[in-house]
Amino acid sequence: MRYKAVVFDLDGTLLNTLEDLTDSTNYALAACGYPERDITEIRYFVGNGIHKLIERAVPEGISSDELEKCFEIFCEHYKGNMENKTAPYEGINDMLKSLYENGVKLAVVTNKAEFAAKELVKRLFGEFVSVVIGGNDKRPLKPAPDGLLDALKLLGAEKHEAVFVGDSEVDIQTAKNAELECIGVLWGFRKKEEIEKLGVKATVETAQELEKILLS
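Here the structure is a predicted model, which means the values were calculated and not measured.

Asker: Now, about the packing of helix 3 (residues 50-57) against helix 4 (residues 64-81): what can you tell me, with residues and values included?
Answerer: Two elements in contact, helix 3 and helix 4, have axes whose closest approach is 10 Å; the angle formed by their N-to-C orientations is 125°. By the angle between their directions, the pair helix 3 and helix 4 is classed as oblique. With respect to the hand of their crossing, helix 3 and helix 4 are arranged in right-handed fashion. Here Ile50, His51, Leu53, Ile54 and Glu55 of helix 3 come into contact with helix 4, specifically with Leu67, Glu68, Cys70, Phe71, Phe74 and Cys75. Grouping the amino acids of the contact of helix 3 with helix 4 by side-chain chemistry returns eight nonpolar, one polar and two charged.

This is the structure:
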């Protein structure tokens, strides 16, 4: 078997979280009297953590205090509404189960706030994924390699034994910064041509195709 460990991004890779992120962002924007954003805009605002999401969503020129107020409203709303419409992409559960049963160690490294990442992974993939590293104030966010390297240590895997799977330019750059192979999924938050031009080991269109590569 090729890989001892597989590390996944979360939003846009394992989970389709876009509608819940959009709903909570627009709840916060409306509460602060700002114009709402459509789901296409939110799609390109995500990837660098929820603070950056709100920073991109609010109108230009607001004060830092106003930004923080909007961010706090978002966080409070998202905590109670992060699983309303969020669900695994097709075939993800079966793929994770197969990898787990074949002895592959699994982790998630995401810029999503750690409180949300840990809760969602626990509820949806808890028996399969042993390590979850989310956005917090202990380490820099992706594309810094710190979280990915920490995950490998916790999994007991060397770089040459592992691969990172993601759906965005942030994920691909993270893998490069960690000197790790990267597989790009084409069902996530970025278009196919955007992923393919960034130089990944492979791209996949289905979870079944990904499983085949990971277990080959």
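Asker: Please provide a residue-by-residue account of the nonpolar core, values included.
Answerer: In terms of nonpolar packing, the biggest core is built from 54 residues, with Phe8 and Leu210 touching the most fellow members. Per-element accounting of this core gives the leading share, six residues, to helix 4. One finds Ala5, Val109, Cys182 and Leu186 within the second-largest nonpolar core, a separate group that totals 21 residues.

Asker: Residues and numbers for empty space enclosed by the protein, please.
Answerer: Summed over all chains, the structure comprises two cavities of 30 Å³ or more. Approximately 200 Å³ is the volume attributed to the largest cavity. As for the largest cavity, its lining consists of 19 residues, and the residues nearest its centre are Asp11, Val46, Gly47, Asn48 and Gly49. Those elements that place two or more of their residues in the lining of the largest cavity are helix 3, strand 4 (105-113) and helix 8 (169-178). Looking at which element gives the most residues to the lining of the largest cavity, the answer is strand 4, with three residues. Of the residues that constitute the lining of the largest cavity, the class distribution is six nonpolar, six polar and seven charged. There is about 80 Å³ of room inside the second largest cavity. Forming the boundary of the second largest cavity are 14 residues, of which Asn111, Arg139, Pro140, Leu141 and Lys142 lie nearest the centre.

Asker: Please provide a residue-by-residue account of the packing of aromatic side chains, values included.
Answerer: Tallied over the full model, the rule gives three aromatic pairs. On the numbers, 5.5 Å between centres and 10° between planes, the contact of Phe74 with Tyr78 is stacked. Taken as a pair, Phe74 and Tyr78 lie in helix 4 at a separation of four residues, close to a single helical turn. Relative accessible area serves as the criterion here: at 0%, Phe74 is assigned to the buried category.

Asker: Can you lay out helix 3 for me, pointing to particular residues and giving the numbers?
Answerer: When we look at burial in helix 3, the residues that qualify are Ile50, Leu53, Ile54 and Ala57. For helix 3, the angular spread of the buried residues around the axis is 90°, confining them to a single face. Taken together, the buried residues of helix 3 touch helix 1 (18-31), helix 2 (39-45), helix 4, strand 4 and helix 6 (114-125).

Asker: Which residues make up unusual backbone geometry, and what are the values?
Answerer: Residue Pro143 follows Lys142 across a cis peptide bond; omega there is 15°. By the secondary structure assignment, Pro143 is in the loop between strand 5 (131-135) and helix 7 (146-155).

Asker: Tell me about the side chain of Lys142, and please be specific about residues and values.
Answerer: Among the secondary structure elements, Lys142 is positioned in the loop between strand 5 and helix 7. Lys142 sits in the buried class, given a relative accessible area of 6%. Within the structure, Lys142 has its side chain in polar contact with the side chain of Asp9 (distance 2.9 Å).

Asker: Any details on a negative patch on the surface? Residues and values, ideally.
Answerer: A surface patch of negative charge is lined by Asp65, Glu66, Glu68 and Glu72. Within the element layout of this structure, Glu68 appears in helix 4. Classification of Glu68 by relative accessible area gives partly exposed; the value is 31%.

Definitions and limits used
Residues numbered from 1 in each chain as written. Predicted model: local features only at pLDDT ≥ 70, side-chain atom pairs only at ≥ 80, totals over all residues. Heavy atoms only, no water. Axes fitted to C-alpha atoms, helices over the stretch in contact; angles between N-to-C directions. Helix = DSSP H or I, 4+ residues; strand = E, 2+ residues; numbered from the N terminus. Parallel < 35°, antiparallel > 145°, perpendicular 65-115°, else oblique. Left-handed = near helix turned anticlockwise from the far one by under 90°. Contact = heavy atoms within 4.5 Å. Nonpolar A, V, L, I, M, F, W, Y, C, P; charged D, E, K, R; others polar. Core = buried A, V, L, I, M, F, W, Y, C linked by side-chain atoms within 4.5 Å. Buried < 20%, exposed > 50% of the residue type's maximum accessible area, 1.4 Å probe, protein only. 1 Å grid on protein atoms, 1.4 Å probe; cavity = no way out; pocket = protein on both sides within 12 Å on 5 of 7 lines; lining within 4 Å. Points joined across faces, edges and corners; volume = space filled by probe spheres on them. Phe/Tyr/Trp six-rings, centres within 6.5 Å; stacked < 30°, edge-to-face > 60°. Arc of directions from axis to C-beta. Polar contact = N/O pair within 3.5 Å; in protein donor to acceptor, adjacent residues only side chain to side chain. Patch = residues over 30% accessible without salt bridge, like charges linked within 9 Å, V, L, I, M, F, W, Y side chains within 5 Å. Areas by Shrake-Rupley, 256 points an atom, 1.4 Å probe, with all protein chains shown as cover. Salt bridge = Lys/Arg side-chain N within 4 Å of Asp/Glu carboxyl O. Lys, Arg positive; Asp, Glu negative; His and termini not counted. Charge placed at Lys NZ, Arg CZ, Asp CG, Glu CD.

Any link to function would need more than the numbers given here.
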